[in-house]
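# Architecture and fold: a report
Chain residues, written in single-letter form:
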Amino acid sequence: MNSLKILILRNCSIHGSIPDYIGYISTLKTLDLCFNNLAGDMPPSFSQLTKADYIYLIGNHLTGPIPPWILVRNKNADISYNNFTYGNGNPTQCLLGNLNAAESYSSVVSQISSVQPCLKQGYPCNLPKKEQKYSLYINCGGKETFINGTKYEADTEQRGASVLFKTEDWAFSSTGNFMDNDMEADIYIATNTTKLTMPDSELYTSARLSPLALTYYGLCLINGNYTVKLHFSEIIFTANKTFVSLGKRLFNVLIQGQIVLRDFNIEDEAGGPGKPIVKSFNASVTQNTLEIRFYWAGKGTTGIPSRGVYGPLISAISVDPNFIPPVYKDKKPPYKIAISVSVSVLLIILLVLVILWKKGYLGGKASMEKELRGLDLQTGSFTLRQIKAATKNFDAANKIGEGGFGSVYKGLLSDGTIIAVKQLSPKSKQGTREFVNEIGMISALQHPNLVKLYGCCIEGNQLCLIYEYMENNCLSRALFGQNKLKLDWTTRRKICLGIARGLAYLHEESMLKIVHRDIKASNVLLDKNLNSKISDFGLAKLDEEENTHISTRIAGTIGYMAPEYAMRGYLTDKADVYSFGVVALEIVSGKSNTNYRPKEEFVYLLDWAYVLQERGTLLELVDPNLGENYSKEEAVAMLNVALICTNAHPTLRPTMSKVVSLLEGEASIQSLMTNISSVGGSSSAGLRKNFWQLNASQSQSTSIEGPYTGSSVSITAEIGVNDHLLGGSAHQK
């Protein structure tokens, strides 16, 4: 079966080990072996399934360590609900990308305290009893809303093919993709398109949809009996005369592993589409975790044209205790007196604190500690004593970099781990907001091409970030430094591809859509094997939908910033694509975009690249140090990708996932080459010339003194909504 693209053997009671030959079916796009009795290790041959967009192995008895190749996979894979053992290099943190490993470890691993509960069977609770919850309200697929004074928490995560999403009180694990539609991206949140007249309609305006399996967890609940209410309404199938009216949805519901609804049809139970139905069940929580699973057993409609609509659909979940919570037990008059006294004392203390704060005696670092500790960080915490010991009290001899954020020091922990410590400077203008921003976002990101954050230190007036140490410093030093590295062509291509994969993850695959805003050679670090990793998310900004014009400030580096961002403050992920194009050009040429002047009339290397492209002599840009030891075909492809990415029109730049496909040779570059000519048009050329001439005076020599720093010439400019050019408020940082 050498041409097999889709292999689904789901819920077939298959036992034994997975045959090794499956991994050698090079054409396989979807592999689904879910809910069987498969055991043994995952076949090593599965690492060859590079074209498979989806690998589903959930609900089996697979053992052995989780293979390293699946941890660096950029496509969807789900290995949840198995019996993997913990080994060196296996994750201890929740995997929040496209790899779902919920409850993937065997019961033996439950004794390892460093492994996060989400990876352990039963999703155990680590909180003391006094901090455990006794209720839960989720507006599945919808925004936060209040119903009769009760707050239903928002559930707006857009992904669902293989994802674990978690909050402090609840989590969900979603698996599956729709295979009967022709949409580029599956939709996992269904939205009602008709007028709803039922009570509490806010709960039924949207709903979470799953093509295969969806599990909600109530986390750290007090043990006891609860009433679980599941709110349903069929908002996809309609009552009109369209194809959609013919749909029939059937799925199963399990609570605490027991089936409570089989072949459940929302429309039939509710008496028609767009009508609510609430199903109530009693559930017993004995291990602090409530599990509610929705499962599509293959029944119902799957053939409505151009629509993936089958599978479970849930509008809201509410969980209430059938007991009086401990906080309300044994209330007696003495306690009321004690509470009144306590409240009075607290009010007095609060008043004193407010007065001290207004007088300037409080604030700053104290509020920062509170804000940081309120974050759900996926990192460790270090004491100042540990950091001082590791860096020899921030010895100048251990200083490896300096940037707008502060100094960076090399350190050695007591267990032998080498670290890089970024110390927030008291004079830093980036200050507390960027510190919170950086920790909050990086702690949730896990990817081979992003610098790993080990943890943070918040103590006294010291605010530090602790990163993995990168032996080969930054790409800027490797390419342009006095002791620059001899990078062969294979290594340069690997570095470029690594940057592209890291950006694709930030833009399209991470839980948060993130625009880095300052991609440049000095913000790309190299480990001991010269693998590239993106650093410095201090300037990163969440990609706010329908709010792409940044009216507060611009933060980036001259020579790398996209024209529409630098001149009009218009920020999208295409700004990072532009910056990547510049970096790719530097990697091939070995020359700095801001420092290389082939002729006086050209301000930047990028200018010269367009001229050579028009002349058909693009290979003149290849670093002479490579000699003839490089692939001319790959070099031309990489240079053309760089030029496409630096198109003056953001809409004509490819996405970073497309860039990855182009660099890997999985997509043809010829279809996009016509867009390059549009860059050379008069309007585009004028735009670039105006932008570059405006900032040429600021393009001084680029510093390459160390990693983890923003050491190139950067700007931070306050602009208004109607500003079109960078004004006098721009300044060097």
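I will try to describe carefully the structure that is included in this document. (Residues numbered from 1 in each chain as written. Predicted model: local features only at pLDDT ≥ 70, side-chain atom pairs only at ≥ 80, totals over all residues. Heavy atoms only, no water.)

## Re the pattern of salt bridges
Enumeration according to the criterion identifies 17 salt bridges in this entry. A salt bridge links glutamate 157 to arginine 159, with the nearest nitrogen and oxygen atoms 2.8 Å apart. Looking at glutamate 157, the relative accessible area reads 6%, which means it is buried. Among the residues examined, arginine 159 registers a relative accessible area of 15% and is labelled buried. When salt bridges that share partners are traced, they join Lys29, Asp53 and Lys75 into one network. (Salt bridge = Lys/Arg side-chain N within 4 Å of Asp/Glu carboxyl O. Buried < 20%, exposed > 50% of the residue type's maximum accessible area, 1.4 Å probe, protein only.)

## Some details on the nonpolar core
Among the nonpolar cores identified, the biggest contains 70 residues, and Leu475, Ile499, Phe580, Leu621 and Leu663 are the most heavily contacted of them. Discounting chain neighbours no more than four positions away, the residues touching phenylalanine 580 are Cys496, Ile499, Ala500, Leu503, Ile519, Val641, Cys645, Met656, Val659 and Leu663. (Core = buried A, V, L, I, M, F, W, Y, C linked by side-chain atoms within 4.5 Å. Contact = heavy atoms within 4.5 Å.)

## A closer look at the state of the cysteines
Inspection of every chain in the model, using the stated rule, returns two disulfides. Here cysteine 94 pairs with cysteine 118 through a disulfide, and the sulfurs are 1.9 Å apart. Because the sign of the S-S torsion sets the handedness, a value of about -120 degrees for the bond joining cysteine 94 and cysteine 118 places this disulfide among the left-handed ones. Separated by 24 residues along the polypeptide, cysteine 94 in the loop between strand S7 (76–78) and strand S8 (99–100) and cysteine 118 in the loop between S8 and strand S9 (136–140) bring together distant segments of the chain. Shown here is the disulfide that connects cysteine 125 with cysteine 220, its sulfur atoms set 2.1 Å apart. Since a negative S-S torsion denotes a left-handed disulfide, the cysteine 125-cysteine 220 link at about 110 degrees is right-handed. (Disulfide = S-S within 2.5 Å. Helix = DSSP H or I, 4+ residues; strand = E, 2+ residues; numbered from the N terminus.)

## Considerations on the pairing of strand S27 (residues 418–424)
Along S27, six of the seven residues are buried, which leaves the element largely enclosed by surrounding structure. Sheet topology note: the strand S26 (residues 406–412)/S27 ladder contains seven bridges and is antiparallel. Bridged to glycine 411 within S27 is isoleucine 419. Here S26 folds back onto S27 in antiparallel fashion, the turn holding five residues, of which glycine 416 has a positive phi close to 95 degrees. The pairing of S27 with strand S29 (residues 462–468) spans five bridges and is classified as antiparallel. Pairing of valine 421 across the sheet is with isoleucine 466, part of S29. (Pairing = 2+ DSSP bridges.)

## Side note on the sheet that holds strand S22 (residues 313–314)
Read across the open sheet, the three strands follow the order S14-S15-S22; overall the sheet is antiparallel. The strands lining the two open edges of the sheet, one partner per strand, are strand S14 (189–191) and S22.

Function cannot be read off these values alone, since they describe shape.
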